[in-house]
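# Reading the structure
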Amino acid sequence: MTQLLTLSPQNPSLELIRQASAVIQRRGLVAFPTETVYGLGANALDEEAVAKIFHAKGRPSNDPLIVHVASVEDMKLVAAEIPPVVSTLAAHFCPGPLTFVLPKLSQVPASVTSGLETVAVRVPAHPVALALIRESGVPIAAPSANRFGHTSPTSAAHVMDDLNGRIDMILDGGSTSVGVESTVLDVTYTPPMILRPGGVAREAIEKIIGKVTLRNNRPDSDDEAQVSPGLLGKHYTPNAELILCKGEKAEALEKLLDLAKQAQTEGRSVGLLLAEDDLHIFNSLSCKAYPLGVSADLESIARNLYAGMRALDDEKVSLILTRDFGAHGLGLAIHDRLLRAASQII
Ligand code: TXA
Ligand code: MG
């Protein structure tokens, strides 16, 4: 049985947080909200507890986990060395959706890092997550709280859909505000390298520390498998076939309109994962639309992206049509997730 506790996201009840930390302390699994997506947490320093995460998610063991701590200072609980660039960035982005890859301490079990000599660590900007970490008194390893290969959960209901009966507890703190995962920045490289674009934009990082590099995140890149196996491949997939149309907005929408018409003549049900201001050209068709917000507001697009994929799956559409929202700011993370979700890119 999975216990579901509902608590205030801004001001969580200490009594409920204590119940959750008791689960962590007895090597159990607790799903909890962060500002990005829901995480599936266990004591990061306990190998047996960590093993349960991989089992519950059906996650391969070569996919390392992010460790969550309550302060930048507490990164020392898992990292052997905190280079100055971390302090500089932390002053701007911690707590927040920025994960640092750092040299690991030996007490971090190899299962957390998939045998790598580095550990990924971040301070989440969510009162429930921070209270849970503090009250548990240990760093908490937490991947996104979805079954392996599914889209990340942005609400407790999403976690329930994927993991009910497989984990001890879910803390329901409402919908997450960022909606895509944290940016993973490897600071063992000079200059630092973005391994996964996410909630903190590349431009925002570069404004503080100058140029960073961006790992080639093409899902079929071999190179990537060696550094960060978890980044490999299709990873965030809805059940429906998803077609991503790249390129300039007007042209992309024209192509999507043709695809929608064709699919409907074949009797397929079509879902539109698009901005509000994209939808009017589809008015004559009977598609299921999931408006992501206005196209100029990338924060809104990111926040609604995974919920949209899940909602269209729930509607049992067989085809989801979507487009790129550029490569600037959060556009890069949105692009990366859509690439991984896509069955076809045109
Ligand atoms: O926003 C987030 O980051 C969410 C919330 C729950 O914090 N967590 C999350 O975890 O997205 P997960 O497990 O779904 O993704 C972790 C990513 C993977 O792509 C993994 O390869 C990378 O972090 N990673 C973890 N440890 C690493 C390491 N030592 N070196 C390189 N990449 C690492
Ligand atoms: Mg994940």
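Note that the structure is predicted; figures quoted are calculated from it, not measured. (Residues numbered from 1 in each chain as written. Chains lettered and ligands numbered in written order. Predicted model: local features only at pLDDT ≥ 70, side-chain atom pairs only at ≥ 80, totals over all residues. Heavy atoms only, no water.)

## Side note on the nonpolar core
As a reminder, the rule being used: Here the nonpolar core consists of buried residues drawn from Ala, Val, Leu, Ile, Met, Phe, Trp, Tyr and Cys, with membership extended through side-chain atoms lying within 4.5 Å. Relative accessibility thresholds used throughout: buried, under 20% of the residue-type maximum; exposed, over 50%; partly exposed, between the two (1.4 Å probe, protein chains only). Only DSSP runs of H or I covering at least 4 residues are called helices, and only runs of E covering at least 2 are called strands; the numbering of each starts at the N terminus. In what follows, residue pairs with any heavy atoms lying within 4.5 Å of each other are defined as contacts.
Membership of the largest hydrophobic core comes to 64 residues, with the highest contact counts inside it found for L40, M75, F100, I167 and L171. The biggest single contributor to this core is helix α5 (residues 127-136), with 6 residues. Among residues more than four places away in sequence, those in contact with M75 are V69, I82, V86, C94, F100, L102, V121 and V123. L244, L292, V317 and I334 belong to the second largest nonpolar core, which has 26 residues in total.

## Some details on the packing of helix α10 (residues 298-314) against helix α11 (residues 331-341)
Here is the rule: The convention used is that axes are lines fitted to C-alpha atoms, helices contributing only their stretch in contact, and that angles between N-to-C directions extend from 0 to 180 degrees. Roughly parallel here means an angle under 35 degrees, roughly antiparallel means over 145, roughly perpendicular means 65 to 115, and every remaining angle is called oblique. Each crossing gets its handedness from the near helix: less than a right angle anticlockwise from the far helix is left-handed, clockwise is right-handed.
Between α10 and α11, whose axes approach to 9 Å, the crossing angle comes to 20°. Put simply, α10 runs roughly parallel to α11. The crossing of α10 and α11 is left-handed. Within the contact between the two elements, α10 uses L298, I301, A302, L305, Y306 and M309 and α11 uses G331, I334, R337, L338 and A341.

## What about the pattern of salt bridges?
For clarity, the cut-off: Between Lys or Arg on one side and Asp or Glu on the other, a salt bridge is scored when a side-chain nitrogen of the former is within 4 Å of a carboxyl oxygen of the latter.
Here the structure, examined in full by the defined rule, presents 16 salt bridges. Between R337 and E181 there is a salt bridge, and its shortest N-O distance comes to 2.7 Å. Here E181 lies in the loop between β8 (169-172) and β9 (183-186) and R337 lies in helix α11, a separation of 156 residues in the sequence. Take R337: its relative accessible area is 0%, and that puts it in the buried class. Accessibility expressed as a relative area gives 4% for E181, which makes it buried. Its salt-bridge partner being E206, residue R202 comes within 3.1 Å of it at the nearest N-O pair. Of this pair, R202 and E206 both sit in helix α7 (residues 202-209), 4 residues apart, roughly one helical turn. For E206, a relative accessible area of 17% translates into the label buried.

## Some thoughts on the domain arrangement of the protein
Frequently, the measure chosen for interface size is the accessible area that the parts lose on association. In plain terms, the rule: Domain borders in the structure are assigned automatically or taken from a domain database. As used here, buried area is the combined drop in accessible area, with a 1.4 Å probe, of two parts when they are placed together. Residue type decides the class: Asp, Glu, Lys and Arg count as charged, Ala, Val, Leu, Ile, Met, Phe, Trp, Tyr, Cys and Pro as nonpolar, and the leftover types, Gly among them, as polar.
Each assigned domain of the protein is listed here: domain 1 (3-214) and domain 2 (241-345). Each side of the interface is counted separately: domain 1 has 24 residues, and domain 2 has 15 residues. Carbon and sulfur atoms make up 55% of the area that domain 1 and domain 2 hide from each other, which totals about 1500 Å². Together, T151, V180 and P197 form the three largest contributors to the area buried by domain 1 at its contact with domain 2, with a combined 35%. Taken together, the connections running from domain 1 to domain 2 amount to 2 salt bridges. Looking at the side of domain 1 that touches domain 2 residue by residue, the class counts come to 7 nonpolar, 12 polar and 5 charged.

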